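Residues per chain are reported as follows:
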Amino acid sequence: MTTAPPRPHPWTGSAPPPARGARLAFSARRLRIAAVYGTLLAATTAVFAVSLMVGDYAIALPDVLLALTGEGKRLDVFFVQGVRLPRAWTAVLVGVALGIAGGVFQSLSRNPLGSPDIIGFTGGASTAAVATILVFGGTMTQVSIGAVIGGIATAGLVYLLALKKGVQGYRLILVGIGINALLLAVRDYLMTRADLTEAVAAQVWMIGSLHGRGWGEVIAVAIGVGVLGPAVLALGQRLRLMEMGDDTAHALGVPVQTTQVTALILASALTGAAIAVSGPIGFIALAAPQLARRLARTTGTPIFGAGLMGALLLVTADLVGQRALAPAQLPVGAVTAVIGGSYLIWLLYREWRTGRA
Amino acid sequence: MEASVRRVRRARQAASGRPVRNGSHLGCPAFSGKGHRLAFTKFDGVDLSEDSGVPATSACARDAPGRDAVSLEQPSTVVSGIDGADDAEDPAVAESMLDRRTRAHARVHALRGAGLLAALGVLVLCILLSIAVGAKSIPLPTVWDALWNFDGSYDHSVIFELRLPRTVLGVFVGAALGLAGALMQALTRNPLAEPGIFGVNSGAAAAVVVAIFVFGLTSPGAYVWFAFAGAGIAAVVVYALGSRGRSGATPVRLALAGAALAAVLQGFVYSVIVFNEFVFDQIRFWQVGSLAGRDLDVFLKVWPFLAVGIVIALLLGPALNTIALGEDLAAALGARINHTRVLTALAIVLLCGSATAAAGPIWFVGLTIPHVARAIVGPDQRWVLPYSAVLAAVLLTGADTLGRIVVANGELEVGIVTALVGAPLFIALVRRTRMAQL
C-alpha cells in the first residue's frame, strides 16, 4: 500500500483492490486500517479527557481521575460527573450515531453526497421542531419528540411515495429531494413570519448544540447506539457487496430489497436518536465516512470507521466551541462545519498537491 | 448488418465525391469530429443521431472499449429488430432503412422544437400575468397596450417602474438557475448536484453577512456586489480544490470540495448570527430568496453576467454530450475535456453568482428542473439546456405571481412558493415517468 493504485474508482473515489500480490497487500491494508482505527480511538479518548479538564473552572488530570471515582473536592465531582462527563458522552455517542448513519446512507446511495437529508429525515425533523417551537411554544423535550416524529414520518412518507413495484434507489433519492424542498419551504416560511426572539431559539436548535446535556440524554442516545449500532455493523458485509451494484449483489446472494429497507430504517433511527438530543448537527454524516475512507484507504464505505471518526469530530468540535471564544459558547453545529469542512479541504488539498487524488 | 451499413455509407460518399474518411483509428466518421452525437444514444434506446451518426454508432460500438461499448450497442439491436437479419446484407434495404431512420430523427427533433415553442408560449403567458397581477390588478389588454405604446398613465407607470423590472429579473434569474443546475449535473454527472454545490449560495451568504455585519448595509441592492464576489470566490476555490494535479476537476472531488467549503462558510454564518440578532434578522429574509423590492437598478447591475452566462451555457450542449460518454471515451474522441469543464464552470459561476446576488439563494429550481427537462427530452444536452432554461423561467415567474395573490396582505417569497408548488409536481413526475439518469 505504499504506492497508490493508479486509477481511483470513478464513483466512490476509492482505490481498486490490487490484482497481484493480493495476499500481501491484503494484510498490509488490514494493518493500516487497524492502525487508523486505533489512532482515532486514542485521539477521541485524549480529547475526551481534555474536555473533562478544561472550562471556566479548570481541573487537573489527577483531580479529574479522582473525581471520576466519586472522591476529591465536591466542586470537582460536581463539574466532572454532573456537567462535563454527560456532555462529553453525549458528544461521543451522537458523533458515532451520525457517523454510522452517514456511512449507511452514502453506501446505499453510492454517492458521497448521500446523507439523511436525501430521504427527507433532517428536513422533516427540523421543520417539526421549528413548528413545535414557533407554533406551539413547546419545551425542549417536546421539541425533541416532535423532531423525531417529524423525521420518521417524513422518511416513511418518502418511502411510500417512492414505492411502485419495489423501491428503485434513484426514485427514492428524487422523491426525497422533493419532499425535503417542500418541508424546508414550510420551515423558512415559519422562520420569516416568526417573532425575532423565537426565531433565534429555533435557529439555535437547528444549528445543533450540546449545551447543558445531562445523563438523561446520554442514556437515551446510548440505548439507541447500543441497540442499532451493532445491528448496522452486522449488515456491513451486505452493504459492501451492494456497493458493487444491486444486480451484482443480488447475484452474489444478497437480499437487496430487504437489506436496503433494514439499513434505511436502522440508519434513520440512529439519526433520530442523535437529532433528538442535539438538534440536527450538520456535516458529520457527510464528512465522517469520507474522512475515514481517505485515512484508512479502504475500498468501500468504512461504517465502523465512520462511527469512530464521527465521535472524534464531534468531541473535538464541542471542545473548540466551548473554549474558542470563551466565555461565549459557540453551538457545536457551527464548529463541526468549520472543523470538519477545513479538515476535508486540507485532505483534498494534500491529495491535489501530491498528485494522488 | 453493420457491414452493409458501412458499405452504403461508402457508396454514398463515393457518389457525392467526398473521400472515404477512414483515417481515424476507429475507422468511422463519428469518431473524427462528430463524436458528440454518440453521447445520448447510450441512454434512451431511441436513437436521435443524425444521418452520419447512425451507422457510425453501431459500427464503432464494437471497437469502443469498456462499459460504454455495451450500452452503445443498444441502437444497433433496435435496428436489426425492425428490419430483420436476413435481408440486412442487401444494400438497397439498408439504404431505405437509413432514410427511414433519418426521417424518424427529423420527426423527433421537430417534436422537441414544437415542445420548446409551446413552453415559450407558456412563458409569455406567465410574463403577462406576472405584469398584470398584484396589489392593483391591471387587465391584460392594458398590459399588452402598455408594452407597445406607453402613455404615461398611472397603470402604465406601475407596469414600467414596478412590475416589468421584477418580471424581467424573474425570467432571467429563473433561466439562469435552470441552466446552472443542468450544467452542474452534467459536469459532475451527479443527480444530486445543484449550483449550491459549487459553494455559490454559502459564499454569497457569507459575503452578505459580512456586508451587514461589518459595513451595516441592509438593502438587496447594496448586497449585490458582495453576494456576487462571495459566490465567485467560493466557486473558484471549489473548482481549484476539485481538480486534481494535472487533469481537470473530477466529479466526486468537486462535490466533496463544494460540500466542504459550503460547510465552513455555513459555520461562519452560524457563528455570526448566533451572537448578532440584527444580522440574523436580515439574513433570515435574504436567504429565503425573493424578487420583492428589486428595482431596475438590480437588474441593470447583473444582466451582462446573466446574458453572457446564458449564451455560453446554451452553446455547451454538444460538448457536454461528449463528456457524458465518460472521461476516457470522450478523450479518445478528441474532445477537449478540460476546456469544456472550465467553460462550464465559468458559466455556472456567472449564472448562479448573478442570480443569487439578485434574488438570494433559491435552490429548488436548479436541482429539480433539469430532472424535469431530462424526463421530457431524454439526456441530449442540446435539448436539456434550453428546456431547463425555459421551464425554470416559467416556474419562477409563475411562483412569483402566485406568491402575490395567495396571501391576503403582503406576499410569499418566491423561494418558498417555488418549492411549495414545484415539489408536488416534481414528485408526481418522478412517480409517473421513468427518469432519465445521468
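Further up the page is the structure itself.
Conventions and cut-offs
- Residues numbered from 1 in each chain as written.
- Chains lettered and ligands numbered in written order.
- Predicted model: local features only at pLDDT ≥ 70, side-chain atom pairs only at ≥ 80, totals over all residues.
- Heavy atoms only, no water.
- Helix = DSSP H or I, 4+ residues; strand = E, 2+ residues; numbered from the N terminus.
- Buried < 20%, exposed > 50% of the residue type's maximum accessible area, 1.4 Å probe, protein only.
- Contact = heavy atoms within 4.5 Å.
- Areas by Shrake-Rupley, 256 points an atom, 1.4 Å probe, with all protein chains shown as cover.
- Phe/Tyr/Trp six-rings, centres within 6.5 Å; stacked < 30°, edge-to-face > 60°.
- Buried area = accessible area lost by both parts, 1.4 Å probe.
- Salt bridge = Lys/Arg side-chain N within 4 Å of Asp/Glu carboxyl O.
- Nonpolar A, V, L, I, M, F, W, Y, C, P; charged D, E, K, R; others polar.

**Student:** Is there a simple way to think about the overall build of chain A in this case?
**Tutor:** Summing up its helical and strand segments, chain A has 13 helices and zero strands in all. The secondary structure elements of chain A, listed N-terminal to C-terminal, are α-α-α-α-α-α-α-α-α-α-α-α-α. Every one of the 357 residues in chain A was classed for burial, and the buried ones make up 56%. Considering only contacts within chain A whose residues lie at least 6 apart along the sequence, 72% involve residues at least 24 apart. For chain A, the computed accessible surface area is about 14900 Å², with 68% contributed by carbon and sulfur atoms.

**Student:** Which parts of the structure should I look at to understand the packing of aromatic side chains?
**Tutor:** Here a ring pair, both rings aromatic, is described through the centre-centre distance and the interplanar angle of the planes. Residues and elements named next belong to chain B. According to the stated counting rule, one finds 11 aromatic pairs over all chains in the structure shown. Ring geometry for Phe-172 versus Phe-299: centroids 5.3 Å apart, planes at 65°, classification edge-to-face. One end of the pair, Phe-172, is in helix 7 (residues 154-188); the other, Phe-299, is in helix 12 (residues 296-315), and 127 residues separate them in sequence. Seen from their ring centres, Trp-225 and Phe-228 are 6.4 Å apart, and the 90° between their planes marks the pair as edge-to-face. Remark: Phe-228 and Trp-225 occur in helix 9 (residues 220-242); sequence separation between them is three residues, near one turn of the helix. Here Trp-225 falls in the partly exposed class, since its relative accessible area comes to 42%.

**Student:** Help me understand the interface of chain A and chain B in this model?
**Tutor:** Interface size is often expressed as the accessible area that is lost when the parts come together. With 61 residues of chain A in contact, the opposing surface of chain B contributes 56 residues. Both sides together, the interface formed by chain A and chain B hides about 5000 Å², and carbon and sulfur atoms give 73% of it. Summed over the shared surface of chain A and chain B, the result is one salt bridge. With a shortest N-O distance of 3.4 Å, Glu-413 of chain B and Arg-193 of chain A are connected by a salt bridge. Secondary structure elements with two or more residues in the side of chain A that touches chain B: helix 5 (140-162), helix 6 (169-193), helix 7 (196-207), helix 11 (284-296) and helix 13 (332-354) of chain A. Residue classes in the side of chain A that touches chain B are distributed as 43 nonpolar, 11 polar and seven charged.

Remember that the coordinates give geometry; whether it matters functionally is a separate question.
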